[in-house]
Amino acid sequence: MTILEISELRKIYNTGAEDLVILDNLSLNLHQGSSTVITGESGSGKSTLLNLIGGLDSISLGNIVSCGYPIHEMNEKQLTEYRRKSIGLVFQSHYLLKDFNALENIAIPARIAGMEKKAAMERACELIDKVGLSERREHFPSQLSGGERQRIALARSLVNDPDLILADEPTGNLDEKNSRIVEDILFSLVEDYKKSLLLVTHNLFLAERVDHSLHLSCGVLKEK
Ligand SMILES: Nc1ncnc2c1ncn2[C@@H]1O[C@H](COP(=O)(O)OP(=O)(O)OP(=O)(O)O)[C@@H](O)[C@H]1O
Ligand SMILES: [Mg+2]
């Protein structure tokens, strides 16, 4: 089954005098349960592509069908619902809320989606265990290391049981040792929970661990 189908996608930024074509007739087809790495030079449009798939930015032309949702024809309300239910987002920055502890941070998206407090906390407990930070449940983001915060962000991305994880350089702010730890946890989460993964990274070694390795250049994706 297909989890993501992109056809003839274009993203153009209108910047005053000239149009900036970032993605140009880009196509992509991913199967459910597959994992894919995207590499590309800085400014090639990797984040732009992930943001479009995540329904966070507007499509200039073309179609994206993700997790069964036709993103290109959805309104803001439908996009919010899609982001909440079907997508797990992880970024270079953790975006944890500083006034909430680790467990609460993981549970918040579930509470927003309407899950009862007890169920949300149970789910958060299961996930914090999966990222190896059970002992840190009560700790606030300021009491955690950069790598630990990213592990909490990974756990949070799975709390609503999404189909597709979109990860944009999740280890971009970490040193090599912590990058490996976070990557290992990301891959084991994806495997254990049978999720599809689209990961943007500069780490070329990760290509060996995934089903597809793609390179974004001149607005299109090519198999590496
Ligand atoms: N709102 C915007 N208006 C105009 N241009 C933009 C806008 N957002 C991004 N861009 C341009 O689009 C291009 C692609 O940006 P994007 O952030 O997707 O690159 P990237 O591949 O993720 O780079 P990096 O590896 O540095 O994160 C860049 O040239 C950027 O300057
Ligand atoms: Mg980027």
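These lines cover the structure that appears in this document, whether it is placed above or below. No experiment lies behind these values; they were computed from the predicted model shown.

**Focus on the nonpolar core**
Here's step 1: Membership of the largest hydrophobic core comes to 34 residues, with the highest contact counts inside it found for Ile 106, Ile 128, Ile 152, Leu 186, Leu 197 and Leu 199.
Here's step 2: At the level of elements, α3 (102-112), α4 (117-130), α5 (146-157), β7 (164-168), α6 (176-192) and β8 (196-200) are the ones that each hand at least two residues to this core.
Here's step 3: It is α6 that contributes the most residues to this core, six residues altogether.
Here's step 4: If near-sequence neighbours (up to four positions away) are discounted, Leu 197 is found in contact with Ser 34, Ser 35, Thr 36, Leu 164, Ile 165, Ala 167, Leu 186, Phe 187 and Val 190.
Here's step 5: Leu 23, Ile 38, Tyr 82 and Leu 216 belong to the second largest nonpolar core, which has 28 residues in total.

**Brief notes about the packing of aromatic side chains**
Here's step 1: Summed over the entire model, instances satisfying the criterion amount to two aromatic pairs.
Here's step 2: On the numbers, 5.7 Å between centres and 85° between planes, the contact of Phe 91 with Tyr 95 is edge-to-face.

**A closer look at the site of ligand 1**
Here's step 1: In the vicinity of ligand 1, 14 residues are found, and the nearest of them are Ser 42, Gly 43, Lys 46, Ser 47 and Thr 48.
Here's step 2: A distance of 2.8 Å separates an oxygen atom of ligand 1 from a polar atom in the backbone of Gly 43.
Here's step 3: Contact distances for ligand 1 include 3.0 Å between an oxygen atom and a backbone N or O atom of Gly 45.
Here's step 4: Protein contact buries 60% of the 640 Å² of open area that ligand 1 shows by itself.
Here's step 5: Mapped onto the shell around ligand 1, the elements with two or more residues apiece are β1 (2-15), β2 (18-31) and α1 (46-53).
Here's step 6: It is α1 that contributes the most residues to the shell around ligand 1, three residues altogether.
Here's step 7: Looking at the shell around ligand 1 residue by residue, the class counts come to three nonpolar, eight polar and three charged.

**Topic: α1**
Here's step 1: For α1, the buried fraction is high: six of the eight residues fall into the buried class.
Here's step 2: Those residues of α1 that fall on the buried side of the exposure criterion are Lys 46, Thr 48, Leu 49, Leu 50, Leu 52 and Ile 53.
Here's step 3: A positive backbone phi angle near 70° is found at Gly 55, which sits one or two residues after α1.

Cut-off values and rules
- Residues numbered from 1 in each chain as written.
- Chains lettered and ligands numbered in written order.
- Predicted model: local features only at pLDDT ≥ 70, side-chain atom pairs only at ≥ 80, totals over all residues.
- Heavy atoms only, no water.
- Core = buried A, V, L, I, M, F, W, Y, C linked by side-chain atoms within 4.5 Å.
- Buried < 20%, exposed > 50% of the residue type's maximum accessible area, 1.4 Å probe, protein only.
- Helix = DSSP H or I, 4+ residues; strand = E, 2+ residues; numbered from the N terminus.
- Contact = heavy atoms within 4.5 Å.
- Phe/Tyr/Trp six-rings, centres within 6.5 Å; stacked < 30°, edge-to-face > 60°.
- Near = heavy atom within 4 Å.
- Polar contact = N/O pair within 3.5 Å; in protein donor to acceptor, adjacent residues only side chain to side chain.
- Areas by Shrake-Rupley, 256 points an atom, 1.4 Å probe, with all protein chains shown as cover.
- Nonpolar A, V, L, I, M, F, W, Y, C, P; charged D, E, K, R; others polar.

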